[in-house]
Amino acid sequence: MMPSPSSPLVSRTVATNGIHLHVVTAGPETGPLALLLHGFPEFWYGWRYQIPALAAAGYHVWVPDQRGYNRSDKPPGIAAYGIETLAADILGLIEASGRERVYLIGHDWGAAVAWWVAGRYPERLHRLVILNVPHPAVMQRTLWRDGRQLRKSWYIFFFQLPRLPEWMLRRNHFTGLVRALKGSSRRGAFGDDDLMVYRQAWAQPGALTAMLNWYRAAARQQARLARLGRIRVPTLMIWGVRDIALSRTMAPPSIALCNEGRLVFLEEATHWVQHEEAETVNRLLLTFFSDAPAKHVLS
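In what follows, the accompanying structure is described. Here the structure is a predicted model, which is why all the values come from computation and not from measurement.

**What to know about the overall build of the chain**
Secondary structure assignment for the chain yields 13 helices and 9 strands. Over its C-alpha atoms the chain spans a radius of gyration of 18 Å, differing by no more than 12% from the 19 Å that the globule rule assigns to 299 residues. For the C-alpha atoms alone, the extent of the chain along its principal axes is close to 45 × 40 × 40 Å. A fraction of 76% describes how many contacts in the chain between residues 6 or more apart in sequence connect residues 24 or more apart. Carbon together with sulfur atoms contributes 54% to the accessible area of the chain, which is approximately 12400 Å² in total.

Here it is in structure tokens:
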């Protein structure tokens, strides 16, 4: 499912925060802006099921390849991937769009950036949607106190090593990354055609190290991440319960840090909830964007 001929995909390059990001757009240019942020190891294509639904509903959709990914710039060095820098990229996109406020949606690392933008710059958002990533303060607290989550997060520590993770993930035409996607998702979530497109993105010069530098930078910023406070923007959190890397126990304390929040558990979905339950996710997004916010409602 991709945008219809009346709402084609358009690729553009947008200058922001001293770099250039590749951005795919769709939907009426006069519509309210929905900005979707992907995570690791995806790129704009990870939102292919959400783009047409939002565009058909009248939203102007922007989906960037975040810095380090696919066709966007890949600045060298770990310091170039700190959370404030990543958030500044998104603020620059909002400025470039000409909008005062946007609807911000994030998954995985994109959700971590979205949390940060909402916490630090709430005046730039209408509403926030988070998929399968806890509030940064909850994540840091859980890693320090919960041995089970610490074991689930073993790969974060592996990614801190120099060069070895790149070698292991790149060898045999990115077999390691393919195995990670297939092993953590429902059968059929990523087809052979999808994986071919992902491999092309991962093979972009400098991409793999840049993607891993997000993890390396975060490990150096644990104290800062833990200090993010309450979220004053109306927030919807969608959580696939069968996430093998992130425990559902982090979702309720995360939504409790939102002044106006709703948490929806999808019992049969994994971490890749927007792929596996696309119609449900799309319905939840559009309903949340149009309805009055519900305060601390769990369903």
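**Some details on the pairing of strand E7 (residues 235–240)**
Most of E7 is tucked away, with 6 of its 6 residues classed as buried. Side chains Thr 235, Met 237 and Trp 239 project from E7 onto one buried face, and the interleaved Leu 236, Ile 238 and Gly 240 project onto a second face that is buried too. Summarising the sheet, strand E6 (residues 125–131) and E7 pair through 4 bridges and their orientation is parallel. Looking at the pairing, Ile 130 lines up with Met 237 of E7. Judged from the 6 bridges that link them, E7 and strand E8 (residues 261–266) form a sheet pairing that is parallel. Each residue of the ladder has a partner; that of Leu 236, found in E8, is Arg 262.

**Some thoughts on the packing of helix H7 (residues 164–183) against helix H9 (residues 207–219)**
To characterise two packed helices, one gives the angle between the axes of the helices and the distance between these axes. Where H7 contacts H9, the axes come no closer than 11 Å and their chain directions differ by 130°. In terms of orientation, H7 and H9 fall into the oblique class. Classified by chirality, the crossing of H9 by H7 is right-handed. Note on element contacts: H9 touches H7 through Leu 208, Thr 209, Leu 212 and Arg 216, opposite Pro 165, Glu 166, Leu 169, Arg 170, Phe 174 and Leu 177. Of the residues in the contact of H7 with H9, the class split is 6 nonpolar, 1 polar and 3 charged.

**A look at unusual backbone geometry**
The residue after Phe 40, namely Pro 41, is reached through a cis peptide bond having omega -5°. Here Pro 41 lies in the loop between strand E3 (33–37) and helix H1 (51–56). You will see that Asn 17, though not glycine, has its phi angle at about 55°, which is positive. Mapping Asn 17 onto the fold places it in the loop between strand E1 (10–16) and strand E2 (19–26). By relative accessible area, which is 38% here, Asn 17 ends up partly exposed. Unusually for a residue other than glycine, His 173 sits at a positive phi of about 60°. Note on placement: His 173 falls in helix H7.

**Description of a nonpolar patch on the surface**
On the surface, Leu 161, Leu 164, Trp 167 and Met 168 cluster together to form a nonpolar patch covering roughly 360 Å² of accessible area. Here Leu 164 lies in helix H7.

**Quick word on the pattern of salt bridges**
Here the structure, examined in full by the defined rule, presents 9 salt bridges. Between Asp 146 and Arg 148 there is a salt bridge whose closest N-O contact spans 3.6 Å. A relative accessible area of 17% means that Asp 146 is categorised as buried. We classify Arg 148 as exposed; its relative accessible area is 58%.

**Considerations on helix H8 (residues 192–202)**
All of the buried residues along H8 are Asp 194, Leu 195, Tyr 198, Ala 201 and Trp 202. Projected down its long axis, H8 carries its buried residues within an arc of 115°, all on one side. In H8, the exposed residues that point more than 90 degrees away from the buried face are Asp 192 and Asp 193.

**Digging into helix H13 (residues 278–290)**
In this model, H13 (13 residues) spans 18 Å end to end at C-alpha, consistent with the 18 Å of a helix rising 1.5 Å per residue. Among all positions in H13, only Ala 278, Val 281, Asn 282, Leu 284, Leu 285, Phe 288 and Phe 289 are buried. Looking down the long axis of H13, one finds its buried residues gathered within 165° of arc, a one-sided arrangement. Facing away from the buried side of H13 by more than 90 degrees, the exposed set consists of Glu 279 and Ser 290. On the buried face of H13, the contacting elements are H1, strand E5 (102–107), E6, E7, E8 and helix H12 (273–276).

**What to know about the pairing of E3**
Among the 5 residues that make up E3, 5 are buried, leaving the element largely enclosed by the rest of the structure. On E3, burial covers both faces: Leu 33, Leu 35 and Leu 37 on one face and Ala 34 and Leu 36 on the other are all buried. As paired strands, E3 and strand E4 (residues 60–64) are joined by 3 bridges and run parallel to one another. The residue bridging Ala 34 from the neighbouring strand is Val 61, located in E4. As a crossover connection, the stretch from E3 through H1 into E4 is right-handed. Where E3 lies against E5, 4 bridges are found, and the strand directions are parallel.

Reading the values: rules and limits
- Residues numbered from 1 in each chain as written.
- Predicted model: local features only at pLDDT ≥ 70, side-chain atom pairs only at ≥ 80, totals over all residues.
- Heavy atoms only, no water.
- Helix = DSSP H or I, 4+ residues; strand = E, 2+ residues; numbered from the N terminus.
- Rg over C-alpha atoms; globule rule 2.2 N^0.38 Å.
- Contact = heavy atoms within 4.5 Å.
- Areas by Shrake-Rupley, 256 points an atom, 1.4 Å probe, with all protein chains shown as cover.
- Buried < 20%, exposed > 50% of the residue type's maximum accessible area, 1.4 Å probe, protein only.
- Pairing = 2+ DSSP bridges.
- Axes fitted to C-alpha atoms, helices over the stretch in contact; angles between N-to-C directions.
- Parallel < 35°, antiparallel > 145°, perpendicular 65-115°, else oblique.
- Left-handed = near helix turned anticlockwise from the far one by under 90°.
- Nonpolar A, V, L, I, M, F, W, Y, C, P; charged D, E, K, R; others polar.
- Patch = residues over 30% accessible without salt bridge, like charges linked within 9 Å, V, L, I, M, F, W, Y side chains within 5 Å.
- Salt bridge = Lys/Arg side-chain N within 4 Å of Asp/Glu carboxyl O.
- Arc of directions from axis to C-beta.
- Expected span 1.5 Å × (residues − 1).
- Right-handed = clockwise from strand over helix to strand, strands pointing away.

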